[in-house]
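Here's the letter readout for the chains.
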Amino acid sequence: EPEVTQTPSHQVTQMGQEVILRCVPISNHLYFYWYRQILGQKVEFLVSFYNNEISEKSEIFDDQFSVERPDGSNFTLKIRSTKLEDSAMYFCASSSMHSGNTIYFGEGSWLTVV
Amino acid sequence: AQTVTQSQPEMSVQEAETVTLSCTYDTSESDYYLFWYKQPPSRQMILVIRQEAYKQQNATENRFSVNFQKAAKSFSLKISDSQLGDAAMYFCAYRSAETSGSRLTFGEGTQLTVNP
């Protein structure tokens, strides 16, 4: 069964450093997403991406964050000048064209900022 | 904006028994989708079941079924014959059908414990 894959599974970074989280969405999917889950809290939407541009972003997704699809398979989330409060699980997800189609999640990248 | 509320932070059930997890939502839209996701200790988000708002029939997937009450904006999950592997955090989620690629909005989650 096709799946969304994410790397790294866990990353520890120094405060102020830049981090890039990588994702390979399901191959025939056209919509890509990043979600965040701070430990013990609910899953929060960050951004959606379609046709090589951001289609929607939340208030969390400020100038510190950026997304990119550098080639035909990868989808990345860059976090600049990381802060302690950026420590969270970051989920990549993808879905196909129809709005009713299920959003499939990767296993997550656990980011720890120290 | 849509909101999803899960009023039970924690629930427990005896193995082989039935448990119901509650979820309510608020929306002004008429066409949408509702989901239950399971998050085990591995923290992966696993789809359990989905419901299209235009369908009156409640969705079922093996031991999992929903009670969808559109007028009441209620979407509960029933787990029958509970198994130890059902222990997880369960999230209810809403997705608009009015725009393609719309986001999922999650509730706060319900931590389910299954006692042997």
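In short, a report on the structure. (Residues numbered from 1 in each chain as written. Chains lettered and ligands numbered in written order. Predicted model: local features only at pLDDT ≥ 70, side-chain atom pairs only at ≥ 80, totals over all residues. Heavy atoms only, no water.)

## Observations regarding the pairing of strand β11 (residues 109-113) of chain A
Residue and element names in this part refer to chain A. By the alternation rule, side chains of β11 split into Ser109, Leu111 and Val113, which are all buried, and Trp110 and Thr112, of which none is buried. Sheet topology places strand β2 (residues 10-13) next to β11; 4 bridges connect them, and they run parallel. Bridge pairing links histidine 10 to tryptophan 110 in β11. (Buried < 20%, exposed > 50% of the residue type's maximum accessible area, 1.4 Å probe, protein only. Helix = DSSP H or I, 4+ residues; strand = E, 2+ residues; numbered from the N terminus. Pairing = 2+ DSSP bridges.)

## Some points on the packing of aromatic side chains
A complete count under the given rule lists 20 aromatic pairs over all chains for this structure. When the ring of A:Phe32 is compared with that of A:Phe75, the centres are 5.4 Å apart and the planes differ by 40°; the resulting orientation is tilted. In this pair, A:Phe32 is assigned in strand β4 (residues 31-37) and A:Phe75 in strand β8 (residues 75-79), connecting sequence segments 43 residues apart. Each member of the pair, A:Phe32 as well as A:Phe75, is classed as buried. Relative to B:Tyr94, the ring of B:Tyr25 has its centre 6.2 Å away and its plane inclined at 40°; by these criteria the two rings are tilted. Of this pair, B:Tyr25 sits in strand β4 (residues 24-26) while B:Tyr94 is found in strand β10 (residues 88-96), placing the two residues 69 residues apart along the sequence. B:Tyr25 sits in the buried class, given a relative accessible area of 5%. Here a set of aromatic residues connected by ring pairs shows up, and it is made of A:Tyr33, A:Tyr35, A:Phe45, A:Phe91, A:Phe105, B:Phe35, B:Tyr37, B:Phe91 and B:Phe106. (Phe/Tyr/Trp six-rings, centres within 6.5 Å; stacked < 30°, edge-to-face > 60°.)

## Section: the nonpolar core
B:Tyr25, B:Trp36, B:Phe75, B:Leu77 and B:Tyr90 are the most contacted members of the largest nonpolar core, which totals 25 residues. The dominant element in this core, judged by the number of residues it contributes, is β10(B), at 4 residues. When sequence neighbours within four positions are dropped, the list of residues in contact with B:Tyr25 reads B:Thr3, B:Val4, B:Tyr32, B:Leu34, B:Phe68, B:Gln69, B:Lys70, B:Lys73, B:Ser74, B:Phe75 and B:Tyr94. Residues A:Val19, A:Leu21, A:Ile60 and A:Val67 belong to the second largest nonpolar core, which totals 22 residues. (Core = buried A, V, L, I, M, F, W, Y, C linked by side-chain atoms within 4.5 Å. Contact = heavy atoms within 4.5 Å.)

## Details of the state of the cysteines
Two cysteines form a disulfide when their sulfur atoms are joined by a covalent bond. Residue and element names in this part refer to chain A. Applying the stated rule across the entire model yields 2 disulfides over all chains. Each sulfur of the disulfide joining cysteine 23 and cysteine 92 lies 1.9 Å from the other. Between cysteine 23 and cysteine 92, the S-S torsion sits near -65°, and that sign places the bridge as left-handed. With cysteine 23 in strand β3 (residues 19-24) and cysteine 92 in strand β9 (residues 88-95), this residue pair connects regions lying 69 residues apart in the sequence. Residue cysteine 23 is classed as buried on the basis of its relative accessible area of 1%. On the basis of relative accessible area, cysteine 92 is assigned to the buried category, the value being 0%. (Disulfide = S-S within 2.5 Å.)

## Structural notes on the interface of chain B and chain A
Contacts between the two partners involve 22 residues from chain B and, on the opposite side, 27 residues from chain A. By the criterion of area lost to chain A, the three top residues of chain B are B:Arg43, B:Arg95 and B:Arg103, representing 33% of everything that side buries. Taken together, the connections running from chain B to chain A amount to 1 salt bridge. As a salt-bridge pair, A:Glu56 and B:Arg103 come within 2.8 Å of each other at their nearest N and O atoms. (Buried area = accessible area lost by both parts, 1.4 Å probe. Salt bridge = Lys/Arg side-chain N within 4 Å of Asp/Glu carboxyl O.)

## With respect to the pattern of salt bridges
Residue and element names in this part refer to chain B. Summed over the entire model, instances satisfying the criterion amount to 6 salt bridges over all chains. Aspartate 26 is the salt-bridge partner of lysine 73, the closest N and O atoms lying 3.7 Å from each other. Note that lysine 73 is positioned in the loop between β8 (64-69) and β9 (74-79) and aspartate 26 in strand β4, a separation of 47 residues in sequence. Under the relative-accessibility criterion, lysine 73 is labelled partly exposed at 26%. Here the residues in one salt-bridge network are Arg50, Glu52 and Lys55, joined through shared partners.

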